[in-house]
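What the coordinates show
Given next are the chains, with one letter for each unit.
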Amino acid sequence: MINPRLDLLTDYPFQRLTALLQDPPGAEPINLSIGEPQHQPPAMVTRILAEQAAGWGKYPPTIGTPPFRTAVGAWLTNRFHLPAGAFDADKQILPLAGSREGLFQVIQIVCRAAPDQPPPLVLMPNPFYQVYAGATYLAGAEPVFVPASRESGFLPDFSALPESILQRAALAYLCSPANPQGAVAGLSSLRRTIALARRYGFVLAADECYSEIYDQIAPVGALEACGGDFANVLVFHSLSKRSSVPGLRSGFVAGDARLIDAFRRFRAYSGTAMPLPVVAASTALWQDETHVVENRALYRAKMDAAAAIFGDRLGFYRPGGGFYLWLDVGDGEKAALRLWREAGVRVLPGAYLGRPGPDGVNPGAAFVRIALVQDLATTERALERIANTLVTA
């Protein structure tokens, strides 16, 4: 009665963390384990949801509304310097209930498992966002975990894979800025990856949900690297991080018109259309950059605090994007348990975001991921506790 592929899924990282941290905290608890933004959402969201309340009584269209698509298309064009007229918002944009939903569903669009053939392969960085692997297993595909370690700049190098793997690849997930390391793929790197996808016929799913949380330089995007030809490329964006509205469950997928059309047909059956009041609020958020600049400044201030507290200890570095610290603590699980027991700070062991490679080594095992999502004062207090607990003179 139960799909046996579910047995391939490990416990989700936060379930594993709950099992690990059974003891009472050593101080007033502070949660820095989950990337759930705690900044105040823009005031316009509450107002627009109330104004559009009549929309709760209507079935929403799968494709959203023309104003939504226009707003997203304009934002993409301006933000990623797309050629004028190269992007058709009506054919190349589809709303999502958060980027996570689309990243999970995309594999159903592009993976073709045949009974007389080996399963299709899905390439992903290691460590990685766990939804990538879950989607892969449940689709009957096989994951290929590509190291994203310090040696590779914390990004996967798909071009280093054997041709036998690339020929079987149906999809490649690439997160930039990366979760958990905050590394940003450059324009030339993205162009090489897109060329590789087109050469071997797989789809690049570019997870760019952290693109608007950056330190100094705005990250480039996969559409920007396409040069006006979006074949084989889909990008996924979300308002959760950009606008501090994780509960709104609002995002979009954009790119290759042929793939977007297939996505639309799939979602027409799955029934996951975005409610009209949410569409209206989302439209306004994509049209406004003031709150995004303010939000980014709050994260930058917390990165400044982290730099002052850690210096060059625990392998600290300022990530190019995102709001995570990826600290080298030697044994991430041991450090997470100690931080909870002694300092009351909840962080995520890096091993929970990775898988052992062919050498048996999990590339995340030595690290902890710290989400700088609380207010500045709370974040500083937590980081001081971490330093006092883990750093030796």
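Each remark here, short or long, concerns the structure printed above.
These notes cover the structure that comes with them. Going along each chain's sequence as written, the residues are numbered from 1 onward. pLDDT decides what is reported in this predicted model: residues at 70 or higher carry local features, side-chain atom pairs at 80 or more are listed and counted, and totals for whole chains, interfaces and linings draw on all residues regardless. For side-chain calculations, the full set of non-hydrogen atoms in the structure is used, while hydrogens and water are omitted.

**Section: a nonpolar patch on the surface**
Selection criterion: Residues forming no salt bridge and having over 30% relative accessible area are the ones grouped into patches, like charges within 9 Å of each other and nonpolar side chains (Val, Leu, Ile, Met, Phe, Trp, Tyr) within 5 Å. Every accessible area reported is derived by Shrake-Rupley at a probe size of 1.4 Å, with residue values counting cover from the shown protein chains alone. For this document, the term salt bridge refers to a Lys or Arg side-chain nitrogen within 4 Å of an Asp or Glu carboxyl oxygen. Numbering goes from the N terminus for both helices and strands, where a helix is a DSSP run of H or I of at least four residues and a strand is a run of E of at least two.
A surface patch of nonpolar side chains, amounting to about 510 Å² of accessible area, comprises Met1, Ile2, Leu6 and Leu9. Mapping isoleucine 2 onto the fold places it in the segment before helix H1 (13–20).

**A word on the pattern of salt bridges**
Note the following rule: Accessible area is worked out with a 1.4 Å probe on protein chains only. A residue is then buried under 20% of its type maximum, exposed over 50%, and partly exposed in between.
Scanning the entire structure with this criterion turns up 13 salt bridges. Note that glutamate 212 and arginine 79 form a salt bridge whose closest N and O atoms lie 2.9 Å from each other. Here glutamate 212, found in the loop between strand S6 (203–207) and strand S7 (233–238), pairs with arginine 79, found in helix H3 (residues 66–79); they are 133 residues apart in sequence, far enough to count as distant. Accessibility expressed as a relative area gives 3% for glutamate 212, which makes it buried. Under the relative-accessibility criterion, arginine 79 is labelled buried at 14%. Taking the shortest distance from any N to any O, the salt bridge between arginine 264 and aspartate 261 comes out at 2.8 Å. Residue arginine 264 and its partner aspartate 261 are both found in helix H10 (residues 257–270); the two are separated by three residues, about one turn of the helix. For arginine 264, a relative accessible area of 31% translates into the label partly exposed. Aspartate 261 sits in the partly exposed class, given a relative accessible area of 33%.

**Focus: helix H6 (residues 130–138)**
This is how it is decided: Contacts are assigned to residue pairs with any non-hydrogen atoms lying within 4.5 Å of each other.
Of all nine residues in H6, eight are buried, a share of seventy percent or more. Buried residues of H6: Gln130, Val131, Tyr132, Ala133, Gly134, Ala135, Thr136 and Tyr137, and no others. Those residues of H6 hidden inside the fold are in contact with H1, helix H5 (99–110), strand S3 (121–126), strand S4 (142–147), strand S5 (169–175) and S6. Glycine 140, located one to two residues past H6, shows a positive phi value of around 80 degrees.

**Considerations on the sheet that holds strand S8 (residues 251–255)**
The criterion, for reference: A pair of strands is considered paired only if DSSP assigns at least 2 bridges between the two. Helix axes use the C-alpha atoms of the stretch in contact, all axes being lines fitted to C-alpha atoms, and the angles between their N-to-C directions lie in the range 0 to 180 degrees.
Spatially, S2-S8-S7-S6-S5-S3-S4 is the arrangement adopted by the seven strands of the open sheet, whose pairing is mixed. Two strands in the sheet have a free side with no partner beyond their single neighbour: strand S2 (93–96) and S4. The average angle at which neighbouring strand axes cross in this sheet is 20 degrees, direction not considered. Note that S2 and S8 share four bridges and pair antiparallel. Bridge assignment links isoleucine 93 to a residue of S8, and that residue is alanine 254.

**A few points about the packing of helix H12 (residues 290–310) against helix H14 (residues 376–390)**
Here is the rule: Any angle between 65 and 115 degrees counts as roughly perpendicular, while under 35 counts as roughly parallel, over 145 as roughly antiparallel, and the rest as oblique. Left-handed describes a crossing in which the near helix is turned anticlockwise from the far one by less than a right angle; the clockwise case is right-handed. Residues are grouped as follows: Ala, Val, Leu, Ile, Met, Phe, Trp, Tyr, Cys and Pro are nonpolar; Asp, Glu, Lys and Arg are charged; all remaining types, including Gly, are polar.
The geometry of H12 relative to H14 is characterised by a closest axis approach of 10 Å and an angle of 25 degrees between their N-to-C directions. Considering their axes alone, H12 and H14 lie roughly parallel with respect to each other. Seen from above, H12 lies across H14 with right-handed handedness. Note on element contacts: H14 touches H12 through Leu376, Thr379, Glu380, Leu383, Glu384, Ile386 and Ala387, opposite Ala301, Lys302, Ala305, Ala306, Ile309 and Phe310. Tallied by class, the residues present in the contact of H12 with H14 amount to nine nonpolar, one polar and three charged.

**Looking at empty space enclosed by the protein**
Which entries qualify depends on this criterion: Both cavities and pockets are sets of points on a 1 Å grid over the protein atoms alone; in a cavity a 1.4 Å probe fits but cannot get out, in a pocket the set is open with protein on both sides within 12 Å along at least five of seven lines, and lining residues sit with an atom within 4 Å of a point. Grid points are joined across faces, edges and corners, and a volume is the space filled by probe spheres set on the points.
Applying the stated criterion across every chain, the model contains four cavities of 30 Å³ or more. One number sums up the size of the largest cavity: a volume of about 70 Å³. Residues belonging to the lining of the largest cavity are distributed by class as follows: five nonpolar, three polar and three charged. Of the volumes computed, that of the second largest cavity is approximately 60 Å³. What lines the second largest cavity is a set of 14 residues, among which Pro125, Pro127, Cys175, Ala178 and Asn179 lie closest to the centre. Of the residues belonging to the lining of the second largest cavity, the class tally is 12 nonpolar, two polar and no charged.

**With respect to the pairing of S4**
Cut-off, in case you're wondering: Looking down the strands as they point away from the viewer, one classifies a crossover as right-handed if the path from the first strand across the helix to the second runs clockwise.
Of the strand pairs in this sheet, S3 and S4 are connected by six bridges, and their pairing is parallel. Bridge pairing in S4 places leucine 121 opposite glutamate 142. Each parallel crossover has a hand, and the one from S3 via H6 to S4 is right-handed.

**Regarding the packing of aromatic side chains**
Note the cut-off: Each aromatic pair joins two rings of Phe, Tyr and Trp (for Trp, the six-membered one) with centres within 6.5 Å, and gets the label stacked for planes under 30 degrees apart, edge-to-face for over 60, and tilted for any other angle.
Within this structure, the stated rule accounts for 17 aromatic pairs. Where tyrosine 12 meets phenylalanine 14, the ring centres are 6.1 Å apart and the plane angle is 50 degrees; that geometry is what we call tilted. Measuring from ring centre to ring centre gives 5.5 Å for phenylalanine 87 and phenylalanine 230, while their planes differ by 80 degrees; the resulting arrangement is edge-to-face. Within this pair, whereas phenylalanine 87 is found in the loop between H3 and helix H4 (89–92), its partner phenylalanine 230 is found in the loop between S6 and S7, the two being separated by 143 residues in sequence.

**Comments concerning the layout of surface pockets**
Here the largest pocket is characterised by a volume of approximately 490 Å³. Lining the largest pocket are 24 residues, and of these Ile34, Gly35, Arg100, Tyr129 and Lys241 sit closest to its centre. Only H1, H5 and helix H9 (239–242) provide two or more residues apiece to the lining of the largest pocket. Here the lining of the largest pocket gets three residues from one element, more than from any other, and that element is H5. Residues of the lining of the largest pocket, tallied by class, amount to 11 nonpolar, seven polar and six charged. Quantified by volume, the second largest pocket comes out at close to 420 Å³. If you go around the second largest pocket, you meet 21 residues; those closest to its centre are Val110, Arg112, Ala169, Ala170 and Gly201. The set of elements that each furnish at least two residues to the lining of the second largest pocket consists of H5, S5 and H10. With three residues, the top contributor of residues to the lining of the second largest pocket is H10. In terms of residue class, the lining of the second largest pocket is built from 13 nonpolar, four polar and four charged.

By themselves, these observations are geometric and do not establish any function.
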